[in-house]
Amino acid sequence: MSKLKCALIGCGGLGKGHLARVALMDDVEMVALCDVNEEQFTKATATNLGAGQTIDISNYNLYTDAEEMLNKEELDFVIIALPTFLHEKYTVMALDKGLHVFCEKPMARTPEACQNMIDAAIRNNKLLSIGQCLRFDYGYGMIKEAYESGKYGKLIRLELYRYSYAPIWAWENWYMNFERSGGAALDLHVHDVDFTNYLLGRPDAIKSDAYHKTSGFDMISTQYIYKDGPIVHAIGDWSLPVSYGFRPTYMAIFEKAVIMPGEKGPKICPEDGEAQEFERGDRDMYRDEVRYFIQCIKEGKLNDIVPMESTKQSIEMVFAEMKSAETGEVVTL
C-alpha cells in the first residue's frame, strides 16, 4: 500500500512532537505544515514536558492558511494541534474536505462544538480521533486491564492528580484566557476526567470545588460518584510555582494490590509478596495514539479505543464539574 499523506496544522510544542514521531513512520509521508505564525516553523516551543524542539522544514510545503493548504495538497489525513477554541473550526473544515482527522485534546471548547465535529465525521464517512493519550499509556493501561480482568479483586479507590505551573508560553497566552482554553479544568484536568470515563464510564453524579487565580478554574478537585463503585477523586491544578514543575500521578487501590507509578514505569504492590516495577521501555503514548489512528484508516475500521462519542462525554463531564463548583451542589449526570 502507498504511503498515507498527512499535513500538520499547528506547529507549537505538541504539533512538533507529533511531527517528529510521524516522520519516523514508514507508511506515512508528512507533506505540509501550517501555522499562522511563520516563526513557529523553526522556533522551539516549550510545553510542560520540556523545552521543545526545532525541526528541519526543508522537506515540507509551508502554509499560513489552512484552507489554502487543504485545497492545494493531496492528503489522506491531518493532525490538528491548535488551541482548543480552534479545534471545531479546523476539524470540521478538514472533514468536509474529505480527510480523516486526528485532533489534539481536549476535543473542543464546548459539548456543542464536539457534536458538530462528530456530525461532520459522520456525514463525510471519515475517522475523527482525539488525542486523549492516557488511553495509550502503559501505567493507566495496566489499571484498566486489572480492573477488567479482576485479577486483583475489586477496585476500591482511584486517585488521579495532575499538578503543574501555568502554561504561559503559548501563542497569545491563550491558555490563560478562559473563554479560549477552559482553564486547567478543560485543558489539564481533562486527561484524568477522560481516563475516569474510559475506565468506569459516566458517573452517576459529580461534586467539585475550584480555585480561580488567573484564567478561571486554575484548580479543580472532583469526586466522581459511582453507585456501588469505587471511590474516585481527581485534582487538576496549574496554579503552582514554576519551580514546582509538572507532576502527574495516579494510585489505583484494589482489594489485593495497589498500582502506582515507579521510577521507570508502573509499579504493582501486591497484598502478598514484593512490589514489582515494569519498565516503560520504548512505549510512547503520543506515538501509539497516532499509530493506532493510522491503523484504523488503513484497515477501514472504527477507532474503538478513542470513540469520538466517548471523548465528547468526557467534555460533558468537565462541564458538569464546573457547574458543581460554581453552584456548590452535587450534579447528577
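Residues numbered from 1 in each chain as written. Predicted model: local features only at pLDDT ≥ 70, side-chain atom pairs only at ≥ 80, totals over all residues. Heavy atoms only, no water.

Asker: I'd like to hear about the sheet that holds strand E3 (residues 61-63), residue by residue, with values.
Answerer: Strand order across the open sheet formed by 6 strands is E3-E2-E1-E4-E5-E6, with parallel pairing between neighbours. Of all strands in the sheet, those bounded by a partner on one side alone are E3 and strand E6 (128-131). Adjacent strand axes in the sheet meet at a mean angle of 25 degrees when their direction is disregarded. The sheet contact formed by strand E4 (residues 77-80) and strand E5 (residues 100-104) spans 4 bridges and is parallel. Within E5, the position partnered with Ile 79 by the bridge is Phe 102. On the sheet, helix H9 (residues 285-299) packs against strand E1 (4-9), strand E2 (28-34), E4, E5 and E6 and is oriented at approximately 165 degrees with respect to E5. (Pairing = 2+ DSSP bridges. Helix = DSSP H or I, 4+ residues; strand = E, 2+ residues; numbered from the N terminus. Axes fitted to C-alpha atoms, helices over the stretch in contact; angles between N-to-C directions. Contact = heavy atoms within 4.5 Å.)

Asker: Outline the pairing of E1, supporting the account with residue identities and numerical values.
Answerer: Of all 6 residues that make up E1, 5 are buried, and the element is covered over most of its length. Where E1 meets E2, 6 bridges bridge the pair, whose relative direction is parallel. Paired with Ala 7 across the strands is Ala 32, a residue of E2. Considered for its hand, the β-α-β crossover made up of E1, helix H1 (residues 13-22) and E2 is right-handed. Where E1 and E4 come together, 4 bridges link them in parallel fashion. Bridging from a neighbouring strand, Leu 8 pairs with Ile 79 of E4. (Buried < 20%, exposed > 50% of the residue type's maximum accessible area, 1.4 Å probe, protein only. Right-handed = clockwise from strand over helix to strand, strands pointing away.)

Asker: Describe the packing of helix H3 (residues 87-96) against helix H4 (residues 111-124), naming the residues involved and giving the relevant values.
Answerer: It is the contact of H3 with H4, at a shortest axis distance of 9 Å, that shows an interaxial angle of 5 degrees. Compared by their axis directions, H3 and H4 come out roughly parallel. Contacts from His 87, Glu 88, Thr 91, Val 92, Leu 95 and Asp 96 of H3 reach H4 at Ala 113, Asn 116, Met 117, Ala 120, Ala 121, Arg 123 and Asn 124. Taken together, the residues that form the contact of H3 with H4 break down as 6 nonpolar, 4 polar and 3 charged. (Parallel < 35°, antiparallel > 145°, perpendicular 65-115°, else oblique. Nonpolar A, V, L, I, M, F, W, Y, C, P; charged D, E, K, R; others polar.)

Asker: Can you lay out the nonpolar core for me, pointing to particular residues and giving the numbers?
Answerer: Leu 33, Phe 77, Val 78, Met 107, Ile 143 and Ile 259 are the most contacted members of the largest nonpolar core, which has 97 residues in total. With 8 residues, the single largest contributor to this core is H9. The residues contacting Ile 259, other than those within four sequence positions of it, are Met 142, Ile 143, Ala 146, Tyr 152, Tyr 250, Met 251, Ala 252, Phe 254, Lys 267 and Ile 268. Of all hydrophobic cores here, the second largest spans 8 residues; its members include Ala 170, Trp 174, Ala 184 and Leu 188. (Core = buried A, V, L, I, M, F, W, Y, C linked by side-chain atoms within 4.5 Å.)

Asker: For the layout of surface pockets, give the residues involved together with the corresponding values.
Answerer: Roughly 300 Å³ of internal volume is contained in the second largest pocket. What lines the second largest pocket is a set of 17 residues, among which Lys 126, Leu 127, Leu 302, Asn 303 and Met 308 lie closest to the centre. Among the elements of the structure, H4, H9 and helix H10 (308-327) are those that each provide at least two residues to the lining of the second largest pocket. (1 Å grid on protein atoms, 1.4 Å probe; cavity = no way out; pocket = protein on both sides within 12 Å on 5 of 7 lines; lining within 4 Å. Points joined across faces, edges and corners; volume = space filled by probe spheres on them.)

Asker: Mind laying out the sheet that holds strand E15 (residues 331-332), listing which residues take part and the relevant values?
Answerer: Read across the open sheet, the 9 strands follow the order E14-E13-E12-E11-E7-E10-E9-E8-E15; overall the sheet is mixed. Two strands in the sheet have a free side with no partner beyond their single neighbour: strand E14 (276-277) and E15. Its contacts with the sheet put helix H5 (residues 138-149) on strand E7 (155-165), strand E11 (247-254), strand E12 (257-261) and strand E13 (266-270), and the angle it makes with E11 is roughly 15 degrees. Taken strand by strand, H10 contacts strand E8 (205-211), strand E9 (219-225) and E15, and its axis lies near 65 degrees from that of E8.

Asker: Any details on the packing of aromatic side chains? Residues and values, ideally.
Answerer: Considering all chains together, one arrives at 14 aromatic pairs under this definition. Ring geometry for Trp 169 against Tyr 175: centres 6.1 Å apart, planes inclined by 65 degrees, an arrangement best described as edge-to-face. According to the relative accessible area criterion, Tyr 175 is buried, its value standing at 12%. Here the aromatic residues Tyr 165, Trp 169, Trp 174, Tyr 175 and Trp 238 are joined through ring pairs into a cluster of three or more. The residue whose ring lies beneath Arg 109 is Phe 178, and the NZ or CZ to ring-centre distance is 4.9 Å. The aromatic ring of Tyr 198 is capped on one face by Lys 144, whose charged end is 4.2 Å from the ring centroid. (Phe/Tyr/Trp six-rings, centres within 6.5 Å; stacked < 30°, edge-to-face > 60°. Lys NZ or Arg CZ within 6 Å of the ring centre and 35° of its normal.)

Asker: Report on the pattern of salt bridges, specifying residues and quantitative values.
Answerer: Taken as a whole and assessed by the stated rule, the structure comprises 18 salt bridges. One salt bridge connects Asp 284 with Arg 21, and the closest N-O pair in it is separated by 2.8 Å. A residue pair is termed long-range when its members are at least 10 positions apart, and Asp 284 in the loop between E14 and H9 and Arg 21 in helix H1 qualify at 263 residues. Residues Lys 301 and Glu 299 are paired through a salt bridge, measuring 3.5 Å at the closest nitrogen-oxygen approach. With a relative accessible area of 29%, Lys 301 lands in the partly exposed category. Judged by relative accessible area, which is 48%, Glu 299 ranks as partly exposed. Ionic contacts of the salt-bridge type, sharing partners, join the residues Asp 27, Arg 291 and Lys 298 into one network. (Salt bridge = Lys/Arg side-chain N within 4 Å of Asp/Glu carboxyl O.)

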